[in-house]
Amino acid sequence: MKRNEHITMLHGAGGTVMHDLVKNYILKYFGGVENADFEVPLEALDDAAVVGDIVLKSDSHAVKPIFFPGGDIGRLAVSGTVNDIAVLGAEPYALACSFILEEGLPLADFEKILASMQQTCREAHVSIVTGDTKVVEKGSLGGCVVNVSGIGKRTEALEKNLAVVKRFRSDFKTRWVLDSNLKPGDKIILSGTIGDHGLAVLSAQEGLSFGGGIKSDVKPLNRLIQRLLGEVGGVVAMKDPTRGGLADALNEFSEKSKVGILIHEEKIPINENVRAACEMLGLDPLEVGNEGKIIIGAVREKAEEILELLKTIEEGKEAEIIGETTKDFNGVAMQTAVGGKRIIARPVGDPIPRIC
Ligand code: MG
């Protein structure tokens, strides 16, 4: 970025522009800290960090509007942090919550958000134990911004999962489920339909009503993840495809693990109303953010069993094995329904602003 450049909305949109900001500015000042205790440090740019045996995460939420079909900023804030801790294989248990409230926010709305956070914490079996509240003058906040930070711990399910991985991969060394753990031959599983959250927020932003009523998928997934790890195992990498969608998340897997990823278009679950709305608006559903889905990289010997278990759980009933990793090429490619192959590049940014 040049001296006279400014922050734009794209710097927060989860694609190449945001990644460049993080690498060229944030890592420049905060990165490079040597500490044996930081097993997954800032530079890993994984969903959360690992400090000792604790997984640590902080995430601010500035979704606009603060209420949208299927959810609200409070449910989003708890789920976002819980899921980022859970995808490393840890069980989140204690959260910190900071509110920045905008002058003029109806107290009734604030209370609705609090009740929604309480409900989401109950679903995830986590507690908010500290926090802060600030108020700013009326402006463009859109009501409030919510930060939720949290910690998670190792579980028996995670240990079981790693033992299963080691049965098939004796050289497997890491103690966590990381973006960089994939090897050629692994399977890629998607826990359900994509695009629902981004389009639900867009419909609320623009006052659009799509046929069929698209609802956000926002939910905590830590219970589901712990079941996959403890009851089946063999999971090496996990990610929640939020801003930038499936396209961005798969490219992160590919870059960090140095493997190619081939996905199959006809295997990717997309709700009909989401597909139709994307076509109408000229959006690529692969680049639209989700808040209640996970992408799982697993040893191929366990992929079918993981899929079977997912299909028995409400949050995973539309799961599919969507592809596999390969050493034949770099990056991400998609076998299209008509038989061609398309490169899935990292998006410049999520096409929909302020979805989380
Ligand atoms: Mg994440």
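Just so it is clear, the model here is predicted, and its values are computed rather than measured.

How each quantity is defined
- Residues numbered from 1 in each chain as written.
- Predicted model: local features only at pLDDT ≥ 70, side-chain atom pairs only at ≥ 80, totals over all residues.
- Heavy atoms only, no water.
- Donors = N, O, S within 2.8 Å, 3.2 Å for Na, K, Ca; no water.
- Helix = DSSP H or I, 4+ residues; strand = E, 2+ residues; numbered from the N terminus.
- Buried < 20%, exposed > 50% of the residue type's maximum accessible area, 1.4 Å probe, protein only.
- Axes fitted to C-alpha atoms, helices over the stretch in contact; angles between N-to-C directions.
- Parallel < 35°, antiparallel > 145°, perpendicular 65-115°, else oblique.
- Left-handed = near helix turned anticlockwise from the far one by under 90°.
- Contact = heavy atoms within 4.5 Å.
- Polar contact = N/O pair within 3.5 Å; in protein donor to acceptor, adjacent residues only side chain to side chain.
- Core = buried A, V, L, I, M, F, W, Y, C linked by side-chain atoms within 4.5 Å.
- Domains from an automatic or database assignment.
- Salt bridge = Lys/Arg side-chain N within 4 Å of Asp/Glu carboxyl O.
- Buried area = accessible area lost by both parts, 1.4 Å probe.

**Q** Just to check I follow, could you spell out the coordination of the magnesium ion for this structure?
**A** Each donor-metal-donor angle in an ideal tetrahedron of four donors is 109.5 degrees, and each such angle in an ideal octahedron of six donors is either 90 or 180 degrees. Donor atoms from the polypeptide that coordinate the magnesium ion comprise Asp-47 (OD), Asp-84 (OD) and Asp-240 (OD), at 2.1 Å from the metal. Here the donor residues of the magnesium ion share one chain and are spaced in sequence as D-x36-D-x155-D. Placement of Asp-84 in helix α2 (residues 73-86) and of Asp-240 in the loop between β10 (235-239) and α7 (245-257) is noted, with a sequence separation of 156 residues between them. Assessed through its relative accessible area of 7%, Asp-84 is described here as buried.

**Q** Please explain the packing of helix α4 (residues 156-168) against helix α6 (residues 222-232) as it appears in this structure.
**A** Two measures define how a pair of helices packs: the angle their axes make with one another and the distance between the axes. At a minimum axis distance of 7 Å, the contact between α4 and α6 shows a crossing angle of 50 degrees. Here α4 lies oblique to α6, going by the angle between them. Viewed along their axes, α4 and α6 form a crossing whose handedness is left-handed. Touching Ala-157, Leu-158, Lys-160, Asn-161 and Val-164 of α4 are Gln-226, Leu-229, Gly-230 and Val-232, all from α6.

**Q** Quick question: what am I supposed to make of the side chain of Arg-154 here?
**A** In this fold, Arg-154 is placed in the loop between β8 (144-153) and α4. Here Arg-154 falls in the buried class, since its relative accessible area comes to 15%. From its side chain, Arg-154 meets the backbone oxygen of Arg-175 in a polar contact 2.9 Å long. If we ignore the near neighbours within four places in the chain, the residues touching Arg-154 are Asp-53, Glu-159, Leu-162, Arg-175 and Trp-176.

**Q** What is the right way to look at the nonpolar core in this model?
**A** A general trend in soluble globular proteins is that nonpolar side chains are found buried together. If you look at the biggest cluster of nonpolar residues, it comprises 97 residues, and the most contacted ones within it are Leu-199, Ile-268 and Ile-296. Among the elements that take part in this core, α2 stands out by supplying seven residues, more than any other. Counting the residues that make up this core, at least three belong to each of domain 1 (9-153) and domain 2 (156-343). If we ignore the near neighbours within four places in the chain, the residues touching Leu-199 are Phe-210, Ile-214, Val-274, Ala-277, Cys-278, Leu-281, Leu-283, Val-288 and Ile-352.

**Q** So what exactly am I meant to see when it comes to the pattern of salt bridges here?
**A** Side-chain pairs of opposite charge can arise where the charged atoms are in close proximity. Overall, the coordinates contain 25 salt bridges when judged by the stated rule. Ionic pairing is found between Glu-320 and Lys-311, a salt bridge with its closest N-O pair at 3.9 Å. For Glu-320, a relative accessible area of 24% gives the class partly exposed. Look at the salt bridges and you will find they share partners, linking Lys-23, Asp-47, Asp-179, Lys-239, Asp-248, Glu-252, Glu-255, Lys-256 and Arg-346 into a network.

**Q** Quick question: what am I supposed to make of the side chain of Gln-226 here?
**A** With respect to the helices and strands, Gln-226 occurs in helix α6. For Gln-226, a relative accessible area of 13% corresponds to the buried category.

**Q** What's the story with the domain arrangement of the chain in this structure? I'm lost.
**A** You'll often see interface size given as the accessible area lost when the parts meet. Along its sequence, the chain is carved into domain 1 (9-153) and domain 2 (156-343). One C-alpha centre belongs to domain 1, the other to domain 2; they are set 21 Å apart. The partner domain 2 presents 35 residues to the 43 residues of domain 1 that form the contact. Carbon and sulfur atoms supply 52% of the area buried between domain 1 and domain 2, which totals about 3000 Å² over both sides. Ranking the residues of domain 1 by area buried against domain 2 places Pro-69, Asn-83 and Val-87 at the top, with a combined share of 18%. Applying the counting rule to domain 1 against domain 2 returns five salt bridges. At the surface where domain 1 touches domain 2, the tally comes to 20 residue pairs in polar contact (both at pLDDT 80 or more). Elements supplying a minimum of two residues to the side of domain 1 that touches domain 2: α1 (16-30), β1 (38-40), β4 (67-68), α2, β6 (91-102) and α3 (107-124).

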